[in-house]
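# Inside the fold
Here is what each chain is made of, one letter per residue.
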Amino acid sequence: MSDTFDLTRLGPPHFALDELADYIVDRHHRYVQGASPAIRQALSLAVDHWGAAHAPLLAVQALFDELADELDSHMAKEEHILFPAIRDLVEARRRHRPSMPAAFATLLYPIRAMESEHARARQLVAELQRETEHYAAPPVADDAGRDCYRQLARFDADLDTHIHLENDILFPKALDLEQHAA
Ligand SMILES: [Fe+2]
Ligand SMILES: [Fe+2]
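Keep in mind that what you see is a predicted model, and the values were worked out from it rather than measured. (Residues numbered from 1 in each chain as written. Chains lettered and ligands numbered in written order. Predicted model: local features only at pLDDT ≥ 70, side-chain atom pairs only at ≥ 80, totals over all residues. Heavy atoms only, no water.)

As a further point, take the coordination of the iron ion (ligand 2). Looking at the metal site, the iron ion (ligand 2) is ligated by His74 (NE2), Glu78 (OE), His118 (NE2) and Glu166 (OE), spaced 2.0 to 2.1 Å from it. One way to put it: the four donor atoms around the iron ion (ligand 2) meet at angles of 86 to 175°, and that makes the site irregular. Sequence spacing among the residues donating to the iron ion (ligand 2) works out to H-x3-E-x39-H-x47-E. Distance-wise, the iron ion (ligand 1) is placed 3.2 Å from the iron ion (ligand 2), both being coordinated by glutamate 78. One end of the pair, histidine 74, is in helix α2 (residues 56–94); the other, glutamate 166, is in helix α4 (residues 143–180), and 92 residues separate them in sequence. (Donors = N, O, S within 2.8 Å, 3.2 Å for Na, K, Ca; no water. Tetrahedral: all angles 85-135°; square planar, octahedral: opposite > 155°, others 65-115°. Helix = DSSP H or I, 4+ residues; strand = E, 2+ residues; numbered from the N terminus.)

What follows deals with the packing of aromatic side chains. Both the distance between ring centres and the angle between the ring planes are used here to describe each pair of aromatic rings. If you walk through the whole model with that rule in mind, you get three aromatic pairs. When the centroid spacing of 5.1 Å and the interplanar angle of 70° are considered together, the rings of phenylalanine 64 and phenylalanine 155 count as edge-to-face. You can see phenylalanine 64 sitting in helix α2 and its partner phenylalanine 155 sitting in helix α4, a full 91 residues away along the chain. You'll find phenylalanine 64 and phenylalanine 155 in the same group, each marked buried. (Phe/Tyr/Trp six-rings, centres within 6.5 Å; stacked < 30°, edge-to-face > 60°. Buried < 20%, exposed > 50% of the residue type's maximum accessible area, 1.4 Å probe, protein only.)

What follows covers the coordination of the iron ion (ligand 1). Surrounding the iron ion (ligand 1) are the protein donor atoms His29 (NE2), Glu78 (OE), His162 (NE2) and Glu166 (OE), at 1.9 to 2.2 Å. For the iron ion (ligand 1), the four donor atoms in the first shell make angles of 88 to 163° at the metal, a pattern classed as irregular. We note that the donor set of the iron ion (ligand 1) lies within a single chain, spaced as H-x48-E-x83-H-x3-E. By relative accessible area, glutamate 78 is classed as buried at 0%. Residue class for histidine 162 comes out buried when judged on its relative accessible area of 2%.

Looking now at the packing of helix α3 (residues 108–131) against α4. Any two packed helices are characterised by the angle at which their axes cross and by the distance between the axes. Interaxial distance between α3 and α4 falls to 11 Å at its minimum, and their mutual angle equals 165°. By the angle between their directions, the pair α3 and α4 is classed as roughly antiparallel. Helix-helix and strand crossings are classified by hand; for α3 and α4 the assignment is left-handed. On α4, the residues that touch Leu108, Ile111, Arg112, Met114, Glu115, His118, Ala121, Arg122, Val125 and Gln129 of α3 are Asp156, Leu159, Asp160, Ile163, His164, Glu166, Asn167, Phe171, Leu175 and Glu178. (Axes fitted to C-alpha atoms, helices over the stretch in contact; angles between N-to-C directions. Parallel < 35°, antiparallel > 145°, perpendicular 65-115°, else oblique. Left-handed = near helix turned anticlockwise from the far one by under 90°. Contact = heavy atoms within 4.5 Å.)

Looking now at the environment of leucine 159. Structurally, the position occupied by leucine 159 is in helix α4. You can call leucine 159 buried: its relative accessible area is 3%. A C-alpha to C-alpha distance of 9.9 Å links leucine 159 and leucine 71, two positions 88 residues apart in sequence. Excluding residues within four positions of it along the chain, leucine 159 makes contact with Leu67, Leu71, Ala121 and Val125.

One pass over the full model with this rule turns up 15 salt bridges. With a closest N to O distance of 2.6 Å, arginine 120 and glutamate 66 form a salt bridge. On the criterion of sequence distance, the pair formed by arginine 120 in helix α3 and glutamate 66 in helix α2 is long-range, its members being 54 residues apart. For aspartate 143, the salt bridge is made with arginine 146, and the minimal N-O distance between the two is 2.5 Å. Note that aspartate 143 and arginine 146 are positioned in helix α4 at a spacing of three residues, about one turn of the helix. We classify aspartate 143 as exposed; its relative accessible area is 57%. (Salt bridge = Lys/Arg side-chain N within 4 Å of Asp/Glu carboxyl O.)

Laid out in structure tokens, this is it:
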């Protein structure tokens, strides 16, 4: 899987949106699913080893737990409900069928729901940035602790790209395709 998606392929009529949805799942959802348990485990070890000497670490652990739990259910909704509907819409347009065979009349409401979950995830990330002072491991951290903070920084950067691809490209272009290409 390439590290970037060639956005020039998304020009009208947006038929590559199904490939973008696949790319987001393969590149970003799978990354979150692999990194979340690893970071949870690293945070738990850090709390055991030097958490008593660094009070904010417990808040970092609680924030990451909440973020990982929310992303888990969020990505399941995208993978099982919204993205299949976007793929169906692209396929319908490709075959010049006028309407999408989806469970809902418009993509607007599931997209708005996902955007509001993105806003919540970004709030949690902002709190994580504050509590970790932008992922600067404290002097008391051991090697594993420093690595844990690096993993948190990478998780933050990946989520930023992931949400950008959905909020700013996939979702508006899917709505555009729904409204204008019948
Ligand atoms: Fe996603
Ligand atoms: Fe999302």
